Amino acid sequence: MSRRNPTKVVTGIVRLSYANVWEPKSINGGPEKYSVSIIIPKSDKKTITDIQQAIEAAIEEGKGKFGGKRPNQNQLKLPLRDGDLDRPEDEAYADSFFVNANSMVAPEIVDLDVNPILTRSEVYSGVYARVSITFYAFNTNGNKGVACGLGNIQKVRDGEPLGSRSSAADDFVMEVDDEFLM
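Criteria and thresholds
- Residues numbered from 1 in each chain as written.
- Predicted model: local features only at pLDDT ≥ 70, side-chain atom pairs only at ≥ 80, totals over all residues.
- Heavy atoms only, no water.
- Helix = DSSP H or I, 4+ residues; strand = E, 2+ residues; numbered from the N terminus.
- Buried < 20%, exposed > 50% of the residue type's maximum accessible area, 1.4 Å probe, protein only.
- Polar contact = N/O pair within 3.5 Å; in protein donor to acceptor, adjacent residues only side chain to side chain.
- Contact = heavy atoms within 4.5 Å.
- Salt bridge = Lys/Arg side-chain N within 4 Å of Asp/Glu carboxyl O.
- Phe/Tyr/Trp six-rings, centres within 6.5 Å; stacked < 30°, edge-to-face > 60°.
- Lys NZ or Arg CZ within 6 Å of the ring centre and 35° of its normal.

(A) Here's a closer look at unusual backbone geometry. A positive phi angle, close to 50 degrees, is found at tyrosine 18, a residue other than glycine. The topology assignment puts tyrosine 18 in strand 2 (residues 14–25). If you check the backbone angles, valine 114 has positive phi at about 65 degrees while not being a glycine. By the element assignment, valine 114 lies in the loop between strand 6 (109–110) and strand 7 (128–140).

Below, the structure written as structure tokens:
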């Protein structure tokens, strides 16, 4: 029987934003990574509690990175953020918490029956999903904290696409140019 990883969480139903899950992307010239912002409703107490416990476990497991001692949480950069405070201008983050997760390895993306989703347009910013994430401690260049690794994604249902992307049909109206037809 395998021991449960205390730093791993499988979320309840969340919403994906900034979903770079099909192709890795470089942020500010850094290494290319797959990434997603995971929006968790504040009403999902189980997922939030599970994440808080996983962060605690990552801090405990990462004591070696912090000089063998458990640092004060106020000194650490933590991944669970309040959308009402950190993204007040973005209504998608209202009444929600969020974590930004990334990975050098592509996530497996599946449907409700755990069949692979291969059509890229099926999973996008705005879709509802369950996500496996793992938390780990870091201490790099004086920055100490806990980061969130992206595991796999299970699409649950479609949602209103997020962002300013519009369709060609919305952008262009068919106009008849009488001069062109002559």
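Read on, since the account is not over.
(B) Highlighting the side chain of serine 37. Among the structural elements, serine 37 can be located in strand 3 (residues 33–41). According to the relative accessible area criterion, serine 37 is buried, its value standing at 2%. For serine 37, the side chain forms a polar contact with the side chain of asparagine 100, separated by 3.0 Å. Once residues lying within four places of it in the same chain are set aside, the contact partners of serine 37 are Arg15, Leu16, Ser17, Tyr18, Arg87, Tyr93, Phe98, Val99 and Asn100.

(C) Broad picture of the pattern of salt bridges. Summed over all chains, the structure comprises 10 salt bridges. A salt bridge links lysine 42 to aspartate 82, with the nearest nitrogen and oxygen atoms 3.0 Å apart. Here lysine 42 is found in the loop between strand 3 and helix 1 (45–61), whereas its partner aspartate 82 is found in strand 4 (residues 81–82), with 40 residues between them in sequence. Pair check on accessibility: lysine 42 and aspartate 82 agree, each one buried. Overlapping salt bridges, with partners in common, bring together Glu56, Glu60, Lys63 and Arg70 in one network.

(D) Just the packing of aromatic side chains, in detail. Counted according to the given criterion, the structure contains 1 aromatic pair. Between tyrosine 93 and phenylalanine 98, the aromatic rings sit 5.0 Å apart at their centres with planes inclined by 80 degrees, giving edge-to-face as the arrangement. The exposure class of tyrosine 93 is buried, given its relative accessible area of 0%. A residue is classified by how much of its surface remains accessible, and phenylalanine 98, at 0% relative accessible area, is buried. If you follow lysine 42 out to its NZ or CZ, it ends over the ring of phenylalanine 97, 5.3 Å from the centre.

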